[in-house]
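Now for the letters of each chain:
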Amino acid sequence: MLARVKDDDSSYDEWHAEVRRLTNERDAIILAHNYQRPEIQDVADHVGDSLALSRIAAQSSATTIVFAGVYFMAETAKILAPDKTVLIPEAGAGCSLADSIDAAQLRSWKAEHPGAVVVAYVNTSADVKAESDLCCTSANAVEIVAGVPVDREILFLPDQFLGAHVQRATKRQNMHIWMGECHVHAGISPQELREKAEASPESELFVHPECGCATAALWLSGTGDLPAERTHVLSTGAMLERARTTRAPSVLVATETGMLHQLRRANPSVRWEAVNPRAECVYMKMTTRDVLLTCLREGTTEVNVDPTVASRARRAVDAMIAVGTSSMVGE
Ligand code: SF4
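Residues numbered from 1 in each chain as written. Predicted model: local features only at pLDDT ≥ 70, side-chain atom pairs only at ≥ 80, totals over all residues. Heavy atoms only, no water.

A. Focus on the packing of aromatic side chains. Under the criterion given, the structure shown has 3 aromatic pairs. If you follow Arg-289 out to its NZ or CZ, it ends over the ring of Trp-15, 5.5 Å from the centre. (Phe/Tyr/Trp six-rings, centres within 6.5 Å; stacked < 30°, edge-to-face > 60°. Lys NZ or Arg CZ within 6 Å of the ring centre and 35° of its normal.)

As structure tokens, then:
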């Protein structure tokens, strides 16, 4: 059963048809992040994580990209597709994680650790990417960090939970972690996860590494407090891959609740349940039907990145794309 949100069928169908007509008229494609509202996901040309969508933006023959997501994602698409017009339907759609560090703060941090390699998660502004050596996704963060020579210090930013996961996996001692967090993922607690897992012993657990419970989930599965064979720390792309093959009758999902829509589409026979049903990203939900329609009618809001910043940021993003291309998935 797909969770489509509709006022009524006729107005939904009219809206859907008008969005598609305007999209064709503009020679555009709509890219929607996995955390968007179900109806925005359903009207989009492609749905996925931020990096996969940016790569589609770069490869598409369309001249305009409508990025239904948050601002740093549209910026990343512009960095990878500088010749295209990139529109974001809601320019005020920020990200508490990306906003936890700016370029000036990063420059000060770098000055305290001269010679350190800066590894930035893709959830960062273009200005911060331009100050970084390597970008990473949640899928390849361990591989990226493991590839840095052991004698080089690492500054990992901005997510403390993903950083803790990577440090644990690589056993890296000379790694400093920025204490940023996503308010949505930080709100999914280890206690909630344990209680839900105990109440549903037949369920698998899918945990995003940005979650407040992710590091605890790994630790608890190691100590036997959570069933190790049922606990999987997965990026959103990896969640979808596993959704198609799981044999579990139900799965508890610890990430933003918009992800449930794609998981249900990938495998409708499984009962998908949020660990925390209140884990909704207010920024992602800013793109409503009306907002998307206005964007397509008026061509608002165009996203631009200063060419010098874009070319420096692109070096870090290209380094990320070069590692584990086949499994490139982020938030
Ligand atoms: S869910 Fe968190 S990390 Fe993702 S866009 Fe929203 S605030 Fe940012």
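B. A look at the sheet that holds strand E11 (residues 250-254). Reading across from one edge, E10-E9-E11-E12 is the order of the 4 strands in this open sheet, with parallel pairing throughout. With partners counted over all chains shown, the strands left at the sheet margins are strand E10 (231-233) and strand E12 (271-274), one partner each. Taken pair by pair, the neighbouring strands of this sheet meet at an average axis angle of 20 degrees, ignoring direction. When E11 meets E12, the two strands line up parallel, connected through 4 bridges. Bridge pairing in E12 places Leu-252 opposite Glu-273. Contacts from helix H11 (residues 214-223) reach strand E9 (204-207) and E10, with the element oriented near 140 degrees to E10. Contacting E9, E10, E11 and E12, helix H12 (residues 236-245) runs over the sheet at an angle of about 160 degrees to E9. (Pairing = 2+ DSSP bridges. Helix = DSSP H or I, 4+ residues; strand = E, 2+ residues; numbered from the N terminus. Axes fitted to C-alpha atoms, helices over the stretch in contact; angles between N-to-C directions. Contact = heavy atoms within 4.5 Å.)

C. Seen up close, unusual backbone geometry. With an omega dihedral of -10 degrees, the bond running from Leu-157 to Pro-158 counts as a cis peptide bond. Along the chain, the position of Pro-158 falls in the loop between strand E7 (154-157) and helix H8 (160-170). Of the consecutive residues Thr-300 and Thr-301, the connecting peptide bond is found in the cis state with omega at -10 degrees. Relative to the elements of secondary structure, Thr-301 occurs in the loop between helix H14 (289-298) and helix H15 (307-322).

D. Region of the structure containing the nonpolar core. In this structure, Val-119, Phe-156, Leu-193, Val-207, Leu-263 and Trp-272 are the most contacted members of the largest nonpolar core, which totals 75 residues. Sort the elements by how many residues they give to this core and helix H4 (residues 71-80) lands first, with 5 residues. Setting aside chain neighbours within four positions, we find Phe-156 in contact with Trp-109, Val-119, Cys-136, Ala-141, Val-145, Leu-162, Gly-163, Val-166, Met-175, His-176, Ile-177 and Trp-178. Residues Ala-28, Ala-44, Val-66 and Ala-68 belong to the second largest nonpolar core, which totals 17 residues. (Core = buried A, V, L, I, M, F, W, Y, C linked by side-chain atoms within 4.5 Å. Buried < 20%, exposed > 50% of the residue type's maximum accessible area, 1.4 Å probe, protein only.)

E. Spatial organisation of the domain arrangement of the protein. By domain assignment, the protein separates into domain 1 (9-95 + 284-300), domain 2 (98-181 + 308-327) and domain 3 (184-274). One C-alpha centre belongs to domain 1, the other to domain 3, and the line joining them spans 28 Å. If you look at the interface, domain 1 gives 9 residues, while domain 3 gives 12 residues. Taking both partners together, domain 1 and domain 3 bury about 790 Å²; carbon and sulfur atoms supply 49% of that area. Summed over the three residues of domain 1 that lose the most area to domain 3, namely Asn-34, Tyr-35 and Gln-41, the buried surface amounts to 59% of that side. At the boundary of domain 1 and domain 3, one finds 2 salt bridges. (Domains from an automatic or database assignment. Buried area = accessible area lost by both parts, 1.4 Å probe. Salt bridge = Lys/Arg side-chain N within 4 Å of Asp/Glu carboxyl O.)

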